[in-house]
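Descriptive structure summary
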Amino acid sequence: MIAMSIAGFDPSGGAGILNDIKTFSAFGVYGTAVITALTAQNINKVEGVQPVDVQFIKKQIDTVLEQEKIEFAKTGMLYSDEIIKAVAQKVAEHDLKVVVDPVMIAGSGGHLSQKNFARSLKKYLLPVAALTTPNIHEAQEISGVKIENTEDSIEAALKIGETCNVVVTGGHLEGTDILFDGSIKVIKGELVESSNTHGSGCTYSSAIVSSLVKGDNIETAVKKAGEFVKESIKHGNMGTLNQFWKCI
């Protein structure tokens with residue numbers, strides 16, 4: 001079982017590519033990685049972003065897929081319009097089933113995307129995606145719906161669902177995830193009081209991909225990912241998650 005992460009590099013190890021690989025591993029899935037951007041960050045701040053050349057991103061994807069048969073992938077930090085277009089092109093070209101984590105702002109507040117990111121995401125990548133996993137702030141940007149409660153999350157999910165399947169995560173609201181995969185499903189969750197949340201969005205999308213690789217449907221994968229992230233936060237330390245607990 002093998003999956004691919006197309007995302008940025010967080011040298012703290014709490015988010016991005018390193019987080020994705022650790023999550024894949026916790027599920028017993030072998031992870032491959034395509035780096036889209038280098039960052040200078042820790043759990044408290046982002047000091048700088050250096051995007052990878054678009055042609056080199058394409059070369060990374062092509063070279064890995066030349067050897068490995070990969071069906072499922074995830075995207076994390078894509079940063080720019082040019083990178084979104086390139087990744088969308090390769091997703092379609094290689095017929096990847098991709099879960100899109102629409103990373104825009106780090107948990108510390110640092111910007112991990114350029115202006116008009118949401119517009120480019122909607123135009124190029126979401127139409128070829130299997131699922132997207134925005135938090136409420138990202139869902140607001142993508143849908144144009146202001147989210148203040150679960151009903152608003154449902155409205156946003158329906159709007160985004162016109163383009164692709166979506167789960168609007170509830171970690172910044174009431175702990176309830178809203179999944180649209182042809183119909184609305186309200187997945188009740190539990191908010192965990194903890195500061196160990198750096199990388200939770202990366203872990204969530206990577207856990208979904210891991211479950212899909214192992215044959216679960218989207219709803220089951222989303223539920224397993226929610227439980228996995230909850231337990232990871234509970235067992236986290238030093239401001240980030242600890243993914244190495246027994247998988248469900």
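Relevant structure appears above.
Heads up: these notes are all about the structure in this document. Model, not experiment: these values are computed from the prediction. (Residues numbered from 1 in each chain as written. Predicted model: local features only at pLDDT ≥ 70, side-chain atom pairs only at ≥ 80, totals over all residues. Heavy atoms only, no water.)

All right, on to the pattern of salt bridges then. With the rule as written, the count across this model stands at 12 salt bridges. Here Glu47 makes a salt bridge to Lys45, at a shortest N to O gap of 3.1 Å. A relative accessible area of 42% means that Lys45 is categorised as partly exposed. One salt bridge connects Glu227 with Lys230, and the closest N-O pair in it is separated by 3.2 Å. In this pair, Glu227 and Lys230 both sit in helix α8 (residues 218–234), 3 residues apart, roughly one turn of the helix. Take Glu227: its relative accessible area is 30%, and that puts it in the partly exposed class. When salt bridges with common partners are traced through the structure, they connect Asp62, Lys90 and Glu93 into a single cluster. (Salt bridge = Lys/Arg side-chain N within 4 Å of Asp/Glu carboxyl O. Buried < 20%, exposed > 50% of the residue type's maximum accessible area, 1.4 Å probe, protein only. Helix = DSSP H or I, 4+ residues; strand = E, 2+ residues; numbered from the N terminus.)

Let us now look at the side chain of Thr132. When you line up the elements, Thr132 lands in strand β6 (residues 131–132). Residue Thr132 is classed as buried on the basis of its relative accessible area of 0%. A distance of 2.9 Å separates the side chain of Thr132 from the backbone oxygen of Val100, its partner in a polar contact. If near-sequence neighbours (up to four positions away) are discounted, Thr132 is found in contact with Val100, Pro102, Leu126, Ile160, Cys164, Asn165, Val166 and Val167. (Polar contact = N/O pair within 3.5 Å; in protein donor to acceptor, adjacent residues only side chain to side chain. Contact = heavy atoms within 4.5 Å.)

Two elements in contact, helix α7 (residues 200–213) and α8, have axes separated by 8 Å at closest approach and are oriented at 140°. Taken together, the axes of α7 and α8 lie oblique to each other. With respect to the hand of their crossing, α7 and α8 are arranged in right-handed fashion. Contacts between α7 and α8 involve Ser200, Thr203, Tyr204, Ala207, Ile208, Ser211 and Leu212 from the former and Ile218, Ala221, Val222, Lys224, Ala225, Gly226, Phe228 and Val229 from the latter. Within the contact of α7 with α8, the residues separate by chemical class into 10 nonpolar, 4 polar and 1 charged. (Axes fitted to C-alpha atoms, helices over the stretch in contact; angles between N-to-C directions. Parallel < 35°, antiparallel > 145°, perpendicular 65-115°, else oblique. Left-handed = near helix turned anticlockwise from the far one by under 90°. Nonpolar A, V, L, I, M, F, W, Y, C, P; charged D, E, K, R; others polar.)

Looking now at the nonpolar core. Counting residues in hydrophobic clusters, the biggest one holds 43 residues, and the most contacted among them are Leu78, Val87, Leu121, Leu125 and Val168. Top element by residues in this core is helix α3 (residues 81–93). It accounts for 5 residues. Setting aside anything within four residues of it in sequence, one finds Leu125 in contact with Thr75, Leu78, Ile84, Val87, Ala88, Val91, Val100 and Ser120. Residues Phe72, Tyr204, Val213 and Ile233 belong to the second largest nonpolar core, which totals 25 residues. (Core = buried A, V, L, I, M, F, W, Y, C linked by side-chain atoms within 4.5 Å.)

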